[in-house]
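What the coordinates show
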Amino acid sequence: MIDRAPAVGFMDSGVGGLAVWREFVRLIPNAPTLYVADQAHVPYGPRSLEEIRRFAGAITRFMLDQGARLIVVASHTISAAALWPLREAFPEVPFVGIEPAVKPAVAQTRTGVIGVLGTFGTLNGPLMARVVERFARGVRVVPRVCSGWVEQVEAGLLEGEAAEALVRQHLDPVLQMGADVLVLACTHYTFLAPLIRRLIGPERALIDPTPAVARRAAEIWQARARGEELNQAEGAIHRFFTTDDPARFQEQLQRLIGRDGPVERLYWDPHEMWLTLSS
Ligand code: DGL
């Protein structure tokens, strides 16, 4: 087996996790990273738990094979479906996941109503149920499945009239119910945050957990780096992978986070159990 440089792995169905990746790299520029976007299967939101767990397991095995020592599940939907099963299946691997940021929203609301914007899988998943049960006492939580937003971000429709209309379709009903704090519970939505902020105005707050997740990952990486003398060389290598079209992902990288790639193509085996670098 080739001796790979220890790296931090990031997984998502598509470009959403890039927001977490960008923040992590800003905090620790010299950590080598791997980013896997399973764009052959985006969106994950409407898929079954079993399917998402299978994909997440295969992505994890691939990343471990490529040298990952820490895995950031940079997706609410994957965290909701697969974080616990992943920890059980790979007990030696540290995973950082994301749960809906209900706790800080509850602390900030003045109207007593908070909106949680996410995918079907996240809003109906076990992590959401747990945070609502633990933190939302006395506060009304309005969950909203924002169908179409993941595809919208994948398509790069972040500003302009069409983007605004698509966002309003889910935002307006939540605002009408009196929510004064909104939680972004899907990493793709971070790229819509400037538009959403403009639409909700200064009187309402928007909570994006992306920086907190990146900070948590950075802390774990630094602690491991100290303990294991992980490679902290200047000019860390960042590898990006997609299970769909590398040219398109390269364009998305440039547009969303100002990076050039390069992007490597990944292939699913016919039963969608394994990922490989050649077809
Ligand atoms: N970016 C992901 C999330 O945070 C995945 C969304 C999807 O593929 O539906 O939920």
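Here, every reference points to the structure presented above.
The rules behind the values
Residues numbered from 1 in each chain as written. Predicted model: local features only at pLDDT ≥ 70, side-chain atom pairs only at ≥ 80, totals over all residues. Heavy atoms only, no water. Near = heavy atom within 4 Å. Polar contact = N/O pair within 3.5 Å; in protein donor to acceptor, adjacent residues only side chain to side chain. Areas by Shrake-Rupley, 256 points an atom, 1.4 Å probe, with all protein chains shown as cover. Nonpolar A, V, L, I, M, F, W, Y, C, P; charged D, E, K, R; others polar. Pairing = 2+ DSSP bridges. Helix = DSSP H or I, 4+ residues; strand = E, 2+ residues; numbered from the N terminus. Axes fitted to C-alpha atoms, helices over the stretch in contact; angles between N-to-C directions. Contact = heavy atoms within 4.5 Å. Salt bridge = Lys/Arg side-chain N within 4 Å of Asp/Glu carboxyl O. Buried < 20%, exposed > 50% of the residue type's maximum accessible area, 1.4 Å probe, protein only.

**With respect to the site of the ligand**
In the vicinity of the ligand there are 13 residues, among which Ser 13, Tyr 44, Gly 45, Thr 77 and His 188 approach most closely. Within the side chain of His 188, an N or O atom sits 2.7 Å from a nitrogen atom of the ligand. Contact with the protein chains removes 100% of the 300 Å² of surface that the ligand exposes when unbound. The residue inventory of the shell around the ligand, partitioned by class, reads four nonpolar, eight polar and one charged.

**Overview of the sheet that holds strand E8 (residues 205–207)**
Read from one edge to the other, the open sheet built from four strands follows the order E6-E5-E7-E8, with strand pairing classed as parallel. Taken across any chain shown, the strands that pair with only one partner, and hence form the sheet edges, are strand E6 (140–145) and E8. Averaged over all pairs of adjacent strands, the angle between their axes in this sheet comes to 20°, without regard to strand direction. Judged from the five bridges that link them, strand E5 (residues 113–118) and strand E7 (residues 181–185) form a sheet pairing that is parallel. Counted as the bridge partner of Ile 114 is Val 181 from E7. Running over the sheet, helix H9 (residues 193–200) touches E7 and E8 and is turned about 155° from E8.

**So, the pattern of salt bridges**
Tallying each qualifying case throughout the model produces eleven salt bridges. Ionic pairing is found between Arg 54 and Glu 272, a salt bridge with its closest N-O pair at 3.8 Å. Note that Arg 54 is positioned in helix H2 (residues 49–65) and Glu 272 in the loop between strand E11 (267–268) and strand E12 (275–276), a separation of 218 residues in sequence. For Arg 54, a relative accessible area of 29% corresponds to the partly exposed category. Glu 272 gets classed as partly exposed once you look at its relative accessible area, which sits at 25%. For Glu 264, the salt bridge identified is with Arg 239, shortest N-O distance 2.9 Å. Separated by 25 residues along the polypeptide, Glu 264 in strand E10 (residues 263–265) and Arg 239 in strand E9 (residues 238–242) bring together distant segments of the chain.

Keep in mind that these numbers describe shape and distance, not what the molecule does.
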